[in-house]
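The primary structure of each chain is shown beneath.
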Amino acid sequence: MESSLFGKIIKKIIILVLIGLVVFGVFILFKKIKLKNIEALKEKQIKEAKLKEEELERKKKEEEENREKKISLIAVGDALIHDTVYQAARIPGGFDFRPMFENIKPIVQKYDLAYYNQETILAGDELPLSNYPTFCSPTQVGDGFIDSGFNLVSLANNHTLDKGTAGVNASLRYWNKQKDKIMFHGSASSEEEANRIDIREKNGIKYTMLSYREEALSNGLYPQYPYEVNIYSKEKAEKDIAKVRDKVDVLIVAMHWGWEDRNDVSPMQKQIAKELSEMGVDIILGNHSHVIQPIERVNKTVVVYSMGNFISDQIPTDNLIGGMTSMDIKLKKGELTVDNIETRLIYTKKREKYKLIPFDKLTYNDLPNKDTFYNKYVKILTSLSSEVKVIN
């Protein structure tokens, strides 16, 4: 009897244990299923969040590509610093060229990019100052241009070698101190410096500038090292452009070329413009002639053949009139356009203190026949393209 009762109790315990194990097993199974569902839900949420993020990124990229980006450029001609110019800028302890530029500074500072050609070597910190035919100018010339808003300067021209290797090196020591403020090209003090690629960005548009001198414009001076002045050849330009063309949106080339004191374009200028256009250059900014020359498009390339002198003490009135040429550079869906090409005429008023005056601020006392010169240069500037506007 007791044995039978004990057996029943054992049986019930076993049944309860089995039931407990089944319940526990079911609990564990449901927990696993629940955890699996939670993990699946989390994974799904992560995937959805990632897809949403990718979609937002895609839309943002698409909007960015569809959005028109824009920068503006203004370019002027030669800074030809005769001794009379720097003597007029002399102050106790040095030189100050800023007052000469005070009328054009508000114009220049409206633009994102502002270019000029430094015709004379800026080596006055280390070498004696000198005048034509072998110039050496105060470095404060560069300070004045930078203060006015210029951030692009070409150094390759027929006076780059006026003071030889010593002048080139002294000039480059100055410009390298300013490299965060202004992009320069066309002369270097070493092979390494010559091969340096300077690419910058403004408003989402990447740009660079290269600078060359036409081979014939040597003034009888030849570099000790080839990198001291960039002399144009088709082969060299092709090599240089290949290094940067796919890295920038807009490629600018400054060319020192053509005939002096002539408003017409030389066959060599035409040939080089065609070659550079075929290499994919967007804008060519020309100088050297000391007088204004026309503007045109060669294929899609905007070619400003010469903007004349910006500041100088040359004698003919035509050498005292220069151009400030501006344009808009736009990028949309990877397509670059350059338009709204305008030129504003300026005049170097000599007298006691040299002063740059835009034609719209010029009085008949400053230049009695200003209307005659204005009409003359409207015809010259627009002779190759009706797209160009001359503003007064």
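Look above for the structure.
Residues numbered from 1 in each chain as written. Predicted model: local features only at pLDDT ≥ 70, side-chain atom pairs only at ≥ 80, totals over all residues. Heavy atoms only, no water.

**What to know about the overall build of the protein**
The secondary structure content of the protein amounts to nine helices and 17 strands. Rg of the C-alpha trace for the protein: 34 Å, well past the compact-globule value of 21 Å for 392 residues, more than 25% over. With respect to the three principal axes, the spread of C-alpha positions in the protein is 140 × 45 × 45 Å. Sorting the 392 residues of the protein into buried and exposed places 48% on the buried side. Summarising the internal contacts of the protein: among those between residues at least 6 apart in sequence, 70% fall at separations of at least 24. (Helix = DSSP H or I, 4+ residues; strand = E, 2+ residues; numbered from the N terminus. Rg over C-alpha atoms; globule rule 2.2 N^0.38 Å. Buried < 20%, exposed > 50% of the residue type's maximum accessible area, 1.4 Å probe, protein only. Contact = heavy atoms within 4.5 Å.)

**Observations regarding the packing of aromatic side chains**
Under the definition given, this model contains 15 aromatic pairs. Taking 5.5 Å as the distance between ring centres and 0° as the angle between the ring planes, the aromatic pair formed by Y225 and Y227 counts as stacked. Following the ring pairs from residue to residue traces out a cluster consisting of F101, Y116, F145, F150 and F310. Seen from the ring of W259, R262 lies directly overhead, with NZ or CZ sitting 3.8 Å from the centre. Sitting above the plane of the Y364 ring, K370 keeps its charged end 4.9 Å from the centroid. (Phe/Tyr/Trp six-rings, centres within 6.5 Å; stacked < 30°, edge-to-face > 60°. Lys NZ or Arg CZ within 6 Å of the ring centre and 35° of its normal.)

**Section: unusual backbone geometry**
Residues Y132 and P133 are joined by a peptide bond in cis, for which omega reads 10°. Along the polypeptide, P133 turns up in the loop between β4 (113-118) and α4 (140-148). We note that H288 has phi near 115°; this positive angle belongs to a residue other than glycine. On the secondary structure map, H288 appears in the loop between β10 (283-287) and β11 (295-298). A residue is classified by how much of its surface remains accessible, and H288, at 3% relative accessible area, is buried. Even without being glycine, N299 reaches a positive phi, approximately 55°. Locating N299 in the fold gives a position in the loop between β11 and β12 (301-304).

**Let's talk about helix α8 (residues 267-278)**
Helix length check: α8, at 12 residues, gives a terminal C-alpha distance of 17 Å against a target of 16 Å (1.5 Å per residue), a fit within 8%. Of the positions making up α8, those classed as buried are Q269, I272, A273, E275, L276 and S277. Contact partners of the buried residues in α8: α7 (234-244), β9 (250-256), β10, β11 and β12. G280 sits one or two positions beyond α8 and adopts a positive phi of about 100°. (Expected span 1.5 Å × (residues − 1).)

**Section: α4**
Along α4, the residues classified as buried are V141, G142, G144, F145, I146 and S148. Close packing links the buried residues of α4 with β1 (69-79), α3 (105-108), β4, α5 (164-177) and β13 (309-311). Phi turns positive one or two residues past the end of α4, at G149, with a value near 115°.

**Points about the nonpolar core**
Membership of the largest hydrophobic core comes to 42 residues, with the highest contact counts inside it found for L152, I283, I321, L345 and F359. Ignoring anything within four residues of it in the chain, the contact list for L345 reads I292, I321, G322, I357, P358, F359, Y374, Y377, L381, V390 and I391. A88, Y116, L161 and L356 belong to the second-largest nonpolar core, a separate cluster that totals 39 residues. (Core = buried A, V, L, I, M, F, W, Y, C linked by side-chain atoms within 4.5 Å.)

**Regarding a nonpolar patch on the surface**
Side chains of I9, I10, I13, I14, V17, L18 and L21 sit close together on the surface and give an oily, nonpolar patch of about 610 Å² of accessible area. Relative to the helices and strands, L18 is located in helix α1 (residues 2-66). On the basis of relative accessible area, L18 is assigned to the partly exposed category, the value being 48%. (Patch = residues over 30% accessible without salt bridge, like charges linked within 9 Å, V, L, I, M, F, W, Y side chains within 5 Å. Areas by Shrake-Rupley, 256 points an atom, 1.4 Å probe, with all protein chains shown as cover. Salt bridge = Lys/Arg side-chain N within 4 Å of Asp/Glu carboxyl O.)

**Side note on empty space enclosed by the protein**
Scanning all chains against the criterion turns up two cavities of 30 Å³ or more. Approximately 70 Å³ is the volume found for the largest cavity. Taken together, Q118, E119, T120, I121, L155, N157, H159, T160, S171, L172 and S187 make up the full set of residues lining the largest cavity. Residues that form the lining of the largest cavity fall into these classes: three nonpolar, seven polar and one charged. What the second largest cavity holds in volume is close to 30 Å³. Lining of the second largest cavity is provided by I74, I107, Y111, M324, S326, E342, R344 and I391. Elements with a contribution of two residues or more to the lining of the second largest cavity: β14 (321-332) and β15 (335-349). Class assignment of the residues belonging to the lining of the second largest cavity gives a composition of five nonpolar, one polar and two charged. (1 Å grid on protein atoms, 1.4 Å probe; cavity = no way out; pocket = protein on both sides within 12 Å on 5 of 7 lines; lining within 4 Å. Points joined across faces, edges and corners; volume = space filled by probe spheres on them. Nonpolar A, V, L, I, M, F, W, Y, C, P; charged D, E, K, R; others polar.)

Fair warning: the whole summary comes from geometry, so function is off the table for now.
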